[in-house]
Amino acid sequence: LGAFHDGGGTHMSTLMLDSTLAIERELVQFVYHEASLLDQARYTEWLDLFADDGRYWMPLSHGQTDVKLHTSLMLEDKLLLGIRIERLAGARTYSQQPPSRCHHLLQQPEVLSRDDAAGRYQLRTSFHYVETRKDDQFLLAGWATHDLVRVEGALRIALKRVDLVNCDAAFGNICLFP
């Protein structure tokens, strides 16, 4: 796009760049905010970040592309995520007394694709994730891919895909949400 001068000193290309940077900043902050909600155990607020048809997926093998033809470590829609969250808070969930805690350490999210007109975006973030309960602590590392959509002006998660470096290893109980 070429720049034009409107008589007031404003350049079209500068405005477009400012808009592009503002959207990318919004996308990156969304990913940081999502991890912060999980680290603070604000699971209901975290669930509200998902679109009604949103899914959380953790593939069992590297390069897995199909959720139906292959087994996954986790594949949950918004309803199943809500049930997990209810169980985490349940008085009779003895495996969560005391509750598990987690911490996400994220690299700067990278915007892989964006379609502003359709309100669709994809970001990828490298992470380290620690989950702990009592004396038991474990570390996971990998990449989170967020497929985001705009719903009534707000960003929502259409798909959160979590690819673990050691996805094909034997795992104990992952109670929370890497």
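Bear in mind the structure is a predicted one, so any value in this text is a computation, not a measurement.

Calculation criteria
Residues numbered from 1 in each chain as written. Predicted model: local features only at pLDDT ≥ 70, side-chain atom pairs only at ≥ 80, totals over all residues. Heavy atoms only, no water. Core = buried A, V, L, I, M, F, W, Y, C linked by side-chain atoms within 4.5 Å. Buried < 20%, exposed > 50% of the residue type's maximum accessible area, 1.4 Å probe, protein only. Helix = DSSP H or I, 4+ residues; strand = E, 2+ residues; numbered from the N terminus. Contact = heavy atoms within 4.5 Å. Phe/Tyr/Trp six-rings, centres within 6.5 Å; stacked < 30°, edge-to-face > 60°. 1 Å grid on protein atoms, 1.4 Å probe; cavity = no way out; pocket = protein on both sides within 12 Å on 5 of 7 lines; lining within 4 Å. Points joined across faces, edges and corners; volume = space filled by probe spheres on them. Pairing = 2+ DSSP bridges.

## A word on the nonpolar core
In step 1: If you look at the biggest cluster of nonpolar residues, it comprises 35 residues, and the most contacted ones within it are Trp46, Tyr56, Leu148, Leu176 and Phe177.
In step 2: Listing elements by their share of this core, those giving two or more residues are helix H1 (12-39), helix H2 (43-47), strand E1 (50-59), helix H3 (78-89), strand E5 (120-133), strand E6 (136-151) and strand E7 (154-164).
In step 3: No other element matches the seven residues that H1 contributes to this core.
In step 4: Residues in contact with Trp46, not counting those within four places in the same chain, are Glu34, Leu37, Leu38, Tyr56, Leu81, Ile85 and Phe177.

## Details of the packing of aromatic side chains
In step 1: Throughout the structure, instances matching the rule amount to five aromatic pairs.
In step 2: Arranged with centres 5.0 Å apart and planes meeting at 80 degrees, the rings of Trp46 and Phe50 form a pair that is edge-to-face. Residue Trp46 shares its accessibility class with Phe50, and that shared class is buried.
In step 3: Relative to Phe177, the ring of Trp46 lies with its centre 4.4 Å away and its plane at 35 degrees, an arrangement referred to as tilted. Linking Trp46 in helix H2 with Phe177 in the segment after E7, this pair joins segments that are 131 residues apart in sequence.

## Some remarks on unusual backbone geometry
For residues other than glycine, phi is negative in most cases, and the peptide bonds are mostly trans.
In step 1: Notably, Ala41 is not glycine yet its phi reads approximately 60 degrees, a positive angle.
In step 2: In this structure, Lys134 is a non-glycine residue whose phi angle is positive, near 55 degrees.
In step 3: Within the fold, Lys134 resides in the loop between E5 and E6.
In step 4: According to the relative accessible area criterion, Lys134 is exposed, its value standing at 58%.

## Description of empty space enclosed by the protein
In step 1: Under the counting rule described, the total for this entry stands at one cavity of 30 Å³ or more.
In step 2: Put simply, the largest cavity is a space of about 60 Å³.
In step 3: Taken together, Val31, Glu34, Ala35, His104, Leu106, Thr125, Phe127, Ala144, His146, Lys160 and Pro178 make up the full set of residues lining the largest cavity.
In step 4: Mapped onto the lining of the largest cavity, the elements with two or more residues apiece are H1, strand E3 (101-106), E5 and E6.
In step 5: Sort the elements by how many residues they give to the lining of the largest cavity and H1 lands first, with three residues.

## A word on the pairing of E6
In step 1: Here E5 pairs with E6 via 14 bridges, running antiparallel. Within the sheet, the bridge partner assigned to His128 lies in E6 and is Ala141.
In step 2: Taking the residues that link successive antiparallel strands as the turn, the E5-E6 hairpin has two residues, and the phi of Lys134 there is positive, at about 55 degrees.
In step 3: As paired elements, E6 and E7 share ten bridges and run antiparallel to each other. Paired with Leu148 across the bridge in E7 is Ile157.

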